[in-house]
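# Coordinates in review
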Amino acid sequence: MPPAAPAIAPKRRHAGQRPSRRSIGAVPYHRIDDPEKLRLLLEAVLQLESDISLPAILRHFVEEACVLTGARYGALGVLDESRTALGSFVFTGLPEETERTIGHLPTGQGVLGVVIAEPKPLRLARIADHPRSVGFPAGHPPMTSFLGVPVGAHGDVFGILYLADKLGSDEFSQDDEWLAHAFAQAAAVAVENARLHERVQEVAVLEDRDRIARDLHDDVIQRLFATGLTLQSLTREIPASESQRLEEAVSEIDATIRRIRSAIFELAATGGGRSVRAGVLSLVHELRPMLGFEPAVSFAGPVDTVVPPGISEHLY
């Protein structure tokens, strides 16, 4: 057996001595020594506390990343649900006329797709030299040097920050990569905050639906039901000529209660697919041109909760 490797005692760090760069490399802003760049980075990150929209914040991050790294062009793409292509794209550096000439935005092919497939920083002196390079579409300005870093948090990558054409140099430096990484982390926080806000809003909507359903059931239906009973009791005390109108009013109240109950079931319906009510109403709406009129549709009972998917397909 080979001899065991000798143990290496850790070096002692004297009081007041700063930790080594290597020990804190996971936090990119610790590697940035230029105080002016740190100040600009902080100002950009403080935009997270503002009320501006997510696309505006991401565009601001891209613009500041271009300024601090000396990039002529910059873009940030957010992955779609499949996590294999870009779903949205914000960019800076292109003249408006060039934007109109290019047409559709990139979807993550070529070198852009490399960072999607392998989410780690990528620096190139010449984009064209990479084996995955596919060139540029008609009207797109030529680009030479390239820097791409993943945007994500907690191991979840949901976007890519791209920078191109380093001004005053043939390629982006390691310092540029650390700056881009810092902006990518800030962008990840912005995207996570936006998604969290959307989830909070969805929960609030669901809670409102439940509250409305409870109010309809516990208050409105009970009041209508009590009113109907009161009117029914009055039929014995009024002339027969008027009792018919009273019975019609009671029938109308019963129909209203059924419609409200149907609305309650619709509010309470949950599941991955569309509800039975929504499917029927959608089908009836599609048939309207052939019928020549909009049919009236009513439901009775908890059809969304008692009709299984197989039966609902036969129903349609």
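As the structure is a computational prediction, the values presented were derived from the model and not from experiment. In every chain, residue numbers begin from 1 and rise along the written sequence. Local features in a predicted model are, by the rule used here, given only for residues with pLDDT of at least 70; side-chain atom pairs are given and counted only at 80 or more, and totals for whole chains, interfaces and linings are based on all residues. Excluding hydrogens and water, the side-chain values take into account all heavy atoms of the structure.

### Thoughts on the overall build of the chain
Helix and strand content of the chain: nine helices and five strands. Working definition: helices are DSSP H or I runs of at least four residues, strands are E runs of at least two. Numbering for both runs from the N terminus. In the chain, the order of α-helices and β-strands from amino to carboxyl end is α-α-β-β-α-α-β-β-β-α-α-α-α-α. Per-residue burial over the chain gives 34% buried out of 316 residues. We call two residues in contact whenever any of their non-hydrogen atoms come within 4.5 Å of each other. Across the chain, contacts joining residues at least 24 apart in sequence account for 57% of those joining residues at least 6 apart. Working definition: with a 1.4 Å probe on protein chains only, accessible area under 20% of the residue-type maximum means buried, over 50% means exposed, and in between means partly exposed.

### So, helix α5 (residues 174–234)
Given a rise of 1.5 Å per residue, 61 residues ought to cover 90 Å, and the 88 Å separating the end C-alpha atoms of α5 matches this to within 8%. Along α5, the sharpest kink reaches roughly 35°, centred on L216. Two or three places before D175, at the opening of α5, S173 has a side-chain oxygen 3.4 Å from that residue's backbone nitrogen. The length a helix should cover is 1.5 Å for every residue beyond the first. Note that bend, as reported per residue, equals the angle between axes fitted to the 7 residues terminating at that residue and the 7 residues originating from it. We define a polar contact as two N or O atoms separated by no more than 3.5 Å, with the added condition that, inside protein, one atom must be a possible hydrogen donor and the other a possible acceptor, whereas residues neighbouring each other in sequence contribute only through side-chain atom pairs.

### A short note on the packing of helix α1 (residues 35–45) against helix α2 (residues 54–69)
Packed helices, taken two at a time, are described by the angle between their axes plus the distance between the axes. Think of each axis as a best-fit line through the C-alpha atoms, taken over the contacting stretch in the case of a helix, with angles from 0 to 180 degrees between the N-to-C directions. At their nearest, the axes of α1 and α2 sit 10 Å apart, and the two run at 175° to each other. As the angle between them shows, α1 and α2 are arranged roughly antiparallel. Here α1 contributes K37, L40, L41, A44 and V45 to the contact with α2, which in turn contributes H60, F61, E64 and L68. Per-class residue counts for the contact of α1 with α2 are six nonpolar, one polar and two charged. Working definition: roughly parallel below 35 degrees, roughly antiparallel above 145 degrees, roughly perpendicular at 65 to 115 degrees, and oblique for all remaining angles. Each residue is assigned to one class: nonpolar for Ala, Val, Leu, Ile, Met, Phe, Trp, Tyr, Cys and Pro, charged for Asp, Glu, Lys and Arg, and polar for all the others, Gly among them.

### Structural notes on unusual backbone geometry
Of note, D165 is a non-glycine position whose phi angle comes to about 60°, a positive value. With respect to the element layout, D165 can be found in strand β5 (residues 156–166). On the accessibility criterion, D165 (12% relative accessible area) is buried.

### A closer look at the sheet that holds strand β1 (residues 71–79)
DSSP bridges decide pairing: two strands pair if at least two such bridges lie between them. Spatial strand order, β2-β1-β5-β4-β3: five strands in an open sheet with antiparallel pairing. Looking along the sheet, the strands with just one partner apiece sit at the ends: β2 (86–92) and β3 (122–124). Across this sheet, the average inter-strand angle for adjacent strands is 15°, counted without regard to direction. Pairing of strand β4 (residues 146–153) with β5 involves eight bridges; the strand directions are antiparallel. Following the sheet pairing, G148 is matched in β5 by Y162. Across the sheet, helix α4 (residues 110–117) is in contact with β1, β2, β3, β4 and β5; its angle to β4 comes to roughly 35°.

### Examining α1
Spacing of three or four residues puts side chains on the same side of an α-helix, whose turn is 3.6 residues. Among the residues making up α1, those that are buried are L40, L41 and A44. Projection of α1 onto a plane perpendicular to its axis shows the buried side chains occupying an angular sector of 100°, all on one side. In α1, the exposed residues that point more than 90 degrees away from the buried face are P35 and L42. Contacts made by the buried residues of α1 are with α2 and α5. What the arc covers is the set of directions going from the helix axis to the C-beta atoms.

### Points about the pairing of β1
Of all nine residues that make up β1, eight are buried, and the element is covered over most of its length. Where β1 meets β5, seven bridges bridge the pair, whose relative direction is antiparallel. When the bridges of β5 are listed, Y73 appears paired with A164. The sheet contact formed by β1 and β2 spans six bridges and is antiparallel. Across the sheet, G77 pairs through a bridge with F89, a residue of β2. Once β1 ends, the chain turns through six residues before running back antiparallel as β2, passing R83 with a positive phi of about 60°.

### Description of the side chain of K166
Mapped onto the elements of the fold, K166 is located in strand β5. Given a relative accessible area of 19%, K166 falls into the buried group. A polar atom in the side chain of K166 sits 2.6 Å from the backbone oxygen of T69. Within the structure, the side chain of K166 is placed 2.9 Å from the side chain of D176, a separation counted as a polar contact. Residues within four places of K166 in sequence aside, it is in contact with T69, G70, S145, E171, F172 and D176.

### Side note on the pattern of salt bridges
One side-chain nitrogen of Lys or Arg within 4 Å of one carboxyl oxygen of Asp or Glu is enough to make a salt bridge. Scanning the model with the defined rule gives four salt bridges in all. Here D165 ties to R72 by a salt bridge, and the two come within 3.8 Å at their closest N and O atoms. With D165 in strand β5 and R72 in strand β1, this pair connects stretches of sequence that are 93 residues apart. Note on R72: relative accessible area 43%, which makes it partly exposed. Of the charged contacts in the structure, one is a salt bridge between R126 and D129, with a shortest N-O distance of 3.2 Å. When its relative accessible area of 45% is taken as the criterion, R126 is described as partly exposed.

### Things to note about the confidence of the model for the chain
For every residue, the pLDDT score states the predictor's confidence, bounded by 0 at the bottom and 100 at the top. Per-residue confidence for the chain averages 77 on the pLDDT scale, and 83% of its residues sit at or above 70. Within the model, pLDDT remains below 50 along residues 1–25, and this stretch shows 10 contacts once partners closer than five positions in the same chain are excluded.

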